[in-house]
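# Results of the structural survey
What follows is the residue order along each chain.
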Amino acid sequence: MSNQINFEYSLSFAQKMDEQDPLKSFRSKFFFPKFDGKEAIYFCGNSLGLQPKTTQSYIQKELDNWAEMAVDGHFHGEDAWYHIRKKSKPALAEIVGAHEHEVVAMNNLTSNLHFLMVSFYQPTAKRFKIITEAGAFPSDMYMLETQVKFHGLNPDEVIVELAPREGEHTLRTEDILLAIKEQGEELALVMMAGLQYYTGQVFDMKAIAQVAKEVGAYVGFDLAHAAGNAPLALHDWGVDFATWCSYKYMNSGPGNVSGIFVHEKHAEKPDMIRFAGWWGHDEGERFKMEKGFKPMFGADGWQLANSNVLALAAHQASLDIFQEAGIKNLRQKSETLTSYLEFLIEEISGDTGVIEIITPKNVKERGCQLSLLIHKGGKAVFDEFYKNGIVGDWRNPNVIRIAPTPLYNSFEDVYRFAQILEKSIKKFV
Ligand SMILES: *Cc1c(COP(=O)(O)O)cnc(C)c1O
């Protein structure tokens, strides 16, 4: 779609794009932070999504239920807390491309990574290696390092980090697949991001899952930056497990609940090693309070504790908006919106040598975020953006991440960003 549009660097063009945008009304469903009394140009949904205006009423409803029913709220009413986890399943399944029994919302992202590793990383003398991407998000690095130590192994001998080729910023699929084949029978697990937080690259999860399976390894993805952003078909791709957070593109509020995916092929494996809790136990027998863990079918069998109802209420407020907008419509707009941003950055920074976009040019290999490598001026370029009301983020050593989201950003936002970029960049040429 985006290829067919002749983009223009003008306000009238951006406004025309907004008029034609079928999702334009969704912007008004969110609160925007203010800068000097003016709405910020918010391009930081990759870090913390904006608050839906409905969130408060969703939480209030559960506060009312608690006030009115107290402990009876667990079993009474249409949204009894005992079953509340089920409510988010249809939307989550659609967002990650799964069956409803393959997903559940619970815990936080890093906690879920650990719990899933307990099941999916069971090293043996022969098969013990883990492939991941170099420069992974720190929590993921610490998680892998300490999981490996937990098994009494040496992280340096176990973790194989894949780095881009000399002079390149992103990984080539062929190199990832080759590395998996090379590790072959020693490879226990591929555990990497689905969308790399620093470069914005979307990995070819389908091909990775396929080749990992061929060598007999499990494959898991951290989808923190992919969920609610990039197209996902976890079930069809045969991914073993995945987890994500909901406060980035999924707008559920700071630190809010994570989600997990466990493929159907592991749905009924009561002997699979796991760290269990009562909420993963057969729900029909949960209150018998008896010995002997019997996991629920599917992803629910990995739950530990009873649902955090207030957190899930905020989560649901956002998921309902996703359902209303439609994940395919969102992606369609996202491709065009980010391509427009890319066009304007190239128009403006052109041969100044200040900015290099390191996110792949191929729209299939990226979500909405573009990562701008700053060659001149360093963090001062970012500070200049910030002073002018642009909220993006700076990531060490030298990248500015700009993420226009299709739910609440407009083409005019992108145009206004370009104007500020044009003004700022002159200081660093
Ligand atoms: C945001 C992010 C996290 C954050 O983890 P929390 O447990 O939610 O604090 C972890 N991993 C990746 C890849 C992320 O992008």
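Conventions and cut-offs
The written sequence of each chain sets the order in which its residues are numbered from 1. Owing to the predicted nature of the model, reporting of local features is limited to residues with pLDDT of at least 70; listing and counting of side-chain atom pairs is limited to 80 or more, with chain, interface and lining totals taken over all residues. Side-chain calculation: all heavy atoms of the structure are included, whereas hydrogens and water are not. Numbering goes from the N terminus for both helices and strands, where a helix is a DSSP run of H or I of at least four residues and a strand is a run of E of at least two. Burial here depends on accessible area, computed with a 1.4 Å probe over protein chains only, as a share of the maximum for the residue type. Under 20% is buried, over 50% is exposed, and the range in between is partly exposed. UniProt positions are given in the numbering used here, feature names are shortened, and annotations may be inferred rather than shown by experiment. Only heavy atoms enter the contact rule, under which two residues are in contact if any of them lie within 4.5 Å.

This part takes up unusual backbone geometry. Omega for the peptide link from Asn396 to Pro397 comes to 5°, which places this bond in the cis form. Mapped onto the elements, Pro397 comes out in the loop between strand 14 (393–395) and strand 15 (399–402). The backbone phi angle of Asp36 is positive, close to 50°, even though this residue is not glycine. Following the sequence through the fold, Asp36 ends up in the loop between strand 1 (34–35) and strand 2 (38–39). Non-glycine residue Met289 carries a positive phi angle of around 60°. The residue Met289 is located in the loop between strand 10 (258–262) and helix 10 (309–325) in this model. With a relative accessible area of 59%, Met289 lands in the exposed category.

Moving on: the UniProt feature "binding site: pyridoxal 5'-phosphate" (unreviewed entry) in the chain. UniProt's feature table lists "binding site: pyridoxal 5'-phosphate" (unreviewed entry) at Leu109, Thr110, Phe137, Pro138, Ser139, Asp140, Asp222, His225, Tyr247, Trp278 and Asn306, given in the numbering used throughout. Over a stretch of 198 residues, the named residues are scattered through the fold, their C-alpha atoms separated by up to 31.0 Å. Tracing the chain through its elements places Asp222 in strand 8 (residues 218–222). Among the residues examined, Asp222 registers a relative accessible area of 5% and is labelled buried. The residues contacting Asp222, other than those within four sequence positions of it, are Leu109, Leu113, Asp140, Met191, Met192, Ala193, Gly194 and Thr243. Its location among the elements puts Tyr247 in the loop between strand 9 (241–245) and strand 10. Apart from residues lying up to four places away in sequence, Tyr247 is in contact with Ser47, Leu48, Gly49, Ser252, Gly253, Pro254, Gly255 and Asn256.

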